Amino acid sequence: MGSLVWGCITDFFTYETTKSVVVKSWSVGIINRIVQVLIITYFVGWVFIHEKAYQVTDTGIESSVMTKVKGFGYHHNHVMDVADYVFPPQGAGVFCIMTKLIITENQFQGKCAEPVRMFNCSRDEDCHKHFGAILTSGVITGVCLKPIGESEGQCEIEGWCPAENDGIKVEPMFDIKNFTIFIKNSIRFPLFNVTRGNFPSTMTSADIKNCTYHPDTNPFCPIFKVGDVLNYTGQTVENLADKGGEIGINIEWKCNLDLNIEKCVPRYSFTRLDAPFAKNAVSKGYNFRFAKYFKTENGTEFRTLHKAYAIRFDVMVTGNAGKFDTIPTLINLVAAFTSVGLGTVLCDVILLNFLKGAEQYKAKKFEEVSEAQIEAYLTQSPGSQLSLKPGIKNSYDSGALSLSTTDQPM
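Here the structure is a predicted model, which means the values were calculated and not measured.

Each value, and the rule that gives it
- Residues numbered from 1 in each chain as written.
- Predicted model: local features only at pLDDT ≥ 70, side-chain atom pairs only at ≥ 80, totals over all residues.
- Heavy atoms only, no water.
- Helix = DSSP H or I, 4+ residues; strand = E, 2+ residues; numbered from the N terminus.
- Polar contact = N/O pair within 3.5 Å; in protein donor to acceptor, adjacent residues only side chain to side chain.
- Patch = residues over 30% accessible without salt bridge, like charges linked within 9 Å, V, L, I, M, F, W, Y side chains within 5 Å.
- Areas by Shrake-Rupley, 256 points an atom, 1.4 Å probe, with all protein chains shown as cover.
- Salt bridge = Lys/Arg side-chain N within 4 Å of Asp/Glu carboxyl O.
- Lys, Arg positive; Asp, Glu negative; His and termini not counted.
- Charge placed at Lys NZ, Arg CZ, Asp CG, Glu CD.
- Buried < 20%, exposed > 50% of the residue type's maximum accessible area, 1.4 Å probe, protein only.
- Core = buried A, V, L, I, M, F, W, Y, C linked by side-chain atoms within 4.5 Å.
- Phe/Tyr/Trp six-rings, centres within 6.5 Å; stacked < 30°, edge-to-face > 60°.
- Lys NZ or Arg CZ within 6 Å of the ring centre and 35° of its normal.
- Axes fitted to C-alpha atoms, helices over the stretch in contact; angles between N-to-C directions.
- Parallel < 35°, antiparallel > 145°, perpendicular 65-115°, else oblique.
- Contact = heavy atoms within 4.5 Å.
- Nonpolar A, V, L, I, M, F, W, Y, C, P; charged D, E, K, R; others polar.

Trainee: Can you walk me through the side chain of N198 in this structure?
Mentor: Here N198 is to be found in the loop between β12 (194–197) and α5 (205–210). Here I183 takes part through its backbone oxygen, which lies 2.9 Å from a polar atom of the side chain of N198. At 3.1 Å, the side chain of N198 and the side chain of Y268 are in polar contact.

Structure follows, in structure tokens:
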């Protein structure tokens with residue numbers, strides 16, 4: 001037991017140092033250089049050139065978006081302008097262009113029949129099960145309203161009457177494909193205090209009025225035709241006008257501030273955001289309701305209810321900026337130089353396990369030196385070679401051993 005404890009203590013208080021063994025082998029040498037070249041290529045090509053790891057990056061982009069829509073269309077035999085079909089009217093980064101309106105006029109507070117088929121009834125008890133329902137146009141009273149001489153009727157509601165009937169057919173406003181969207185976007189990278197706008201400062205008012213965005217011929221024009229935007233997402237006005245939908249306009253800023261600041265420009269991309277629900281029968285498209293309120297001469301309030309189907313546009317701004325900095329450059333250089341040593345690890349695995357002469361290589365790579373050996377060595381003459389066997393060369397200037405393939409047993 002004592003010897004075991006003493007052995008653990010002596011093993012703990014040991015020191016390991018690197019010993020260099022030069023192996024003159026074509027196969028191992030080629031593998032070592034190939035691994036080193038691959039590692040260097042990775043760091044130079046991917047890490048430094050592609051990923052620009054020598055830069056400090058600012059991803060906290062600050063952005064402001066302003067939008068304007070222009071165009072005229074026909075709906076319900078009326079000419080619709082921006083004030084009629086854009087909601088909300090403030091020109092924010094999220095806005096809707098209405099494509100279809102179902103209008104219920106002259107609604108007063110009172111009691112009336114619920115026209116939805118699921119609320120059909122033949123007696124009052126049929127309506128009692130709908131108490132608390134939220135899919136109605138008002139509060140269920142529990143009364144079954146039946147026309148005279150009919151055995152079937154509809155449950156009565158209390159609320160704004162007459163109730164909305166959204167099952168009627170209305171022709172959408174297909175003219176929206178010719179509408180235009182003007183997008184004004186300004187961004188700032190706070191780390192570098194750099195501000196940019198989404199169209200060149202040299203662009204004049206006449207240029208803006210006469211241009212239309214095209215990804216190849218006019219990539220910096222801030223005017224977007226609605227029909228083109230839908231086409232970029234693989235959609236058409238005919239597909240979206242009836243039920244509505246959600247379209248994303250992404251403005252991406254990727255700026256290399258080591259180059260001319262004028263090269264910091266936006267790139268636009270377009271996608272349909274509600275694509276997962278496009279083929280879903282539940283909650284398909286996009287719609288909302290709003291009302292306009294009026295009063296009669298005697299002060300009674302009434303309203304006109306609008307159920308609007310619309311294409312919703314979300315303008316999203318993303319991006320980052322990078323600039324050279326000493327600290328990330330040094331960190332990645334150290335990582336690159338350290339990784340080059342992986343070639344040595346791989347070659348050691350090959351030498352120690354797969355090549356002839358592996359045992360001899362192990363004997364030369366791993367050597368134990370005790371204090372007794374050191375003392376014996378010190379008593380020798382300075383030129384003696386205590387630990388070297390015949391046939392092994394010693395490099396006096398580096399302390400490295402040179403082991404050639406001719407020295408290994410066949």
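Trainee: Explain a positive patch on the surface here, please?
Mentor: On the surface, K68, K70, K184 and K209 cluster together into a patch of positive charge. Residue K209 is classed as exposed on the basis of its relative accessible area of 68%.

Trainee: Would you explain the pattern of salt bridges in this entry?
Mentor: For side chains bearing opposite charge, pairing can occur when the charged atoms are close. Tallied over the entire structure, the rule returns ten salt bridges. A salt bridge links D166 to K307; the shortest N-O distance between them is 2.7 Å. Of this pair, D166 sits in the loop between β10 (153–161) and β11 (180–189) while K307 sits in strand β17 (residues 301–324), and the two are 141 residues apart along the sequence. By relative accessible area, K307 is classed as buried at 6%. Salt bridges linked by common partners bring E164, D166, R289 and K307 together as one network.

Trainee: Would you mind going over the nonpolar core with me for this structure?
Mentor: Inside soluble globular proteins, nonpolar side chains tend to come together where they are buried. With 46 residues, the main nonpolar core has Y85, I97, W253 and F313 as its most contacted residues. Going through the elements one at a time, β7 (94–113), β11, α6 (226–232), α7 (237–240), β14 (245–256), β15 (266–272), β16 (287–295) and β17 are the ones with two or more residues in this core. If one sorts the elements of this core by residue count, β17 sits on top with seven residues.

Trainee: Even after reading the chapter, I still don't get the packing of aromatic side chains, so can you show me in this structure?
Mentor: What describes a pair of aromatic rings is the distance from one ring centre to the other and the angle between the planes of the rings. Inspection of the entire model under this criterion finds 19 aromatic pairs. For the ring pair W160 and Y293, a centre distance of 6.0 Å and an interplane angle of 65° mean the geometry is edge-to-face. With W160 in strand β10 and Y293 in strand β16, this pair connects stretches of sequence that are 133 residues apart. With a relative accessible area of 15%, W160 lands in the buried category. For Y293, a relative accessible area of 45% gives the class partly exposed. Relative to F288, the ring of Y286 lies with its centre 5.9 Å away and its plane at 50°, an arrangement referred to as tilted. Each member of the pair, Y286 as well as F288, is classed as buried. Three or more aromatic residues joined by ring pairs make a cluster, and in this case those are Y213, F224, Y232, Y268 and F270. A cation over an aromatic ring shows up here: K100 above the ring of Y309, its NZ or CZ 4.4 Å from the ring centre.

Trainee: Is there a simple way to explain the packing of helix α9 (residues 342–353) against helix α10 (residues 358–365) in this structure?
Mentor: Packed helices, taken two at a time, are described by their axes: the angle between them and the distance between them. It is at 7 Å that the axes of α9 and α10 come closest, and there the two elements cross at 125°. On the basis of their axis angle, the class for α9 and α10 is oblique. In this structure, α9 uses D348, L351, L352 and N353 to contact α10, whose residues at the interface are A358, Y361, K362 and K365. A breakdown of the residues in the contact of α9 with α10 according to their chemical character gives four nonpolar, one polar and three charged.

Functional significance is not addressed by these values, which are geometric in nature.
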